[in-house]
Amino acid sequence: MEGNRYRHWGIAMQHATRDEQHEQQGPHEHHEHQGHSSGHADRADRSAHAGHTAHAPGKAGWSMAARATLHCLTGCAIGEILGMVIGTALDWGNAETMALAIVLAFAFGYTLTLRSVLKAGVDFRTAFRIALAADTLSIAVMELIDNGVIALWPGAMDAQLADALFWGALALSLAVAFIITTPVNKWMIGRGKGHAVVHRYHG
């Protein structure tokens, strides 16, 4: 009887020890599961943040800004030269010639951008709005600087097509406009504006 009692007591102790070990392991495993879930959540948050950052406007490089400015400068130069040639050939006054040159500069600047966007399969109305958004400020700054240099250059406004002063003043004014407009385009592209809008249709 006494041996039986010790044997039953030993079995009961073993069961109690197992129950105690199970209780200790339960919370630990639950804690590990919580940690694992928390890790998944952290990774998901980091992925979402990374995705948001990828779509946010970033810093624009100088080369991209220079290409955008050169694009505008090409249209402006064609328009200005054509306007000055027409105005000078028709013996117009300085104000009329400059006005024509500015109008044609905007027209050709927009046309170059419009042409490139239309190639991406965009409809004309949308492409025209994109061209306005991309080029208006850039061309406006360029024309202000360009015509300002010519107006301030002694004798440049009265120079004829055959005069070296006419072409020299025009070349210098375009160069100065390029230098000053490039940082403007860099600032705009860095904020997702200007030619950054056009780049979306070439990606």
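Structure's up top.
Residues numbered from 1 in each chain as written. Predicted model: local features only at pLDDT ≥ 70, side-chain atom pairs only at ≥ 80, totals over all residues. Heavy atoms only, no water.

Help me get a handle on the layout of surface pockets, residues and values and all.
The computed volume of the largest pocket comes to approximately 250 Å³. Around the largest pocket, the lining is made up of 19 residues, and of these Thr88, Asn94, Thr97, Met157 and Ala159 lie nearest the centre. Elements represented by at least two residues in the lining of the largest pocket include exactly helix 2 (62-89), helix 3 (94-118) and helix 5 (164-190). Sorting elements by how many residues they give to the lining of the largest pocket places helix 5 first, with 4 residues. Considering only residue class, the lining of the largest pocket consists of 11 nonpolar, 6 polar and 2 charged. (1 Å grid on protein atoms, 1.4 Å probe; cavity = no way out; pocket = protein on both sides within 12 Å on 5 of 7 lines; lining within 4 Å. Points joined across faces, edges and corners; volume = space filled by probe spheres on them. Helix = DSSP H or I, 4+ residues; strand = E, 2+ residues; numbered from the N terminus. Nonpolar A, V, L, I, M, F, W, Y, C, P; charged D, E, K, R; others polar.)

So what's going on with a nonpolar patch on the surface? Residues and values would help.
On the surface, Leu82, Ile86, Leu90 and Trp92 cluster together to form a nonpolar patch covering roughly 350 Å² of accessible area. The residue Leu90 is located in the loop between helix 2 and helix 3 in this model. (Patch = residues over 30% accessible without salt bridge, like charges linked within 9 Å, V, L, I, M, F, W, Y side chains within 5 Å. Areas by Shrake-Rupley, 256 points an atom, 1.4 Å probe, with all protein chains shown as cover. Salt bridge = Lys/Arg side-chain N within 4 Å of Asp/Glu carboxyl O.)

I'd like a rundown of the environment of Ile130, residues and numbers included.
One can find Ile130 in helix 4 (residues 124-152). Assessed through its relative accessible area of 6%, Ile130 is described here as buried. For the pair Ile130 and Leu114, spaced 16 residues apart in the sequence, the C-alpha separation amounts to 7.7 Å. (Buried < 20%, exposed > 50% of the residue type's maximum accessible area, 1.4 Å probe, protein only.)

Got a sec to walk through the side chain of Asn147? Specific residues and values, please.
Secondary-structure assignment places Asn147 in helix 4. Given a relative accessible area of 5%, Asn147 falls into the buried group. Filtering out sequence-adjacent residues up to four positions away, Asn147 remains in contact with Glu80, Met98 and Ile102. (Contact = heavy atoms within 4.5 Å.)

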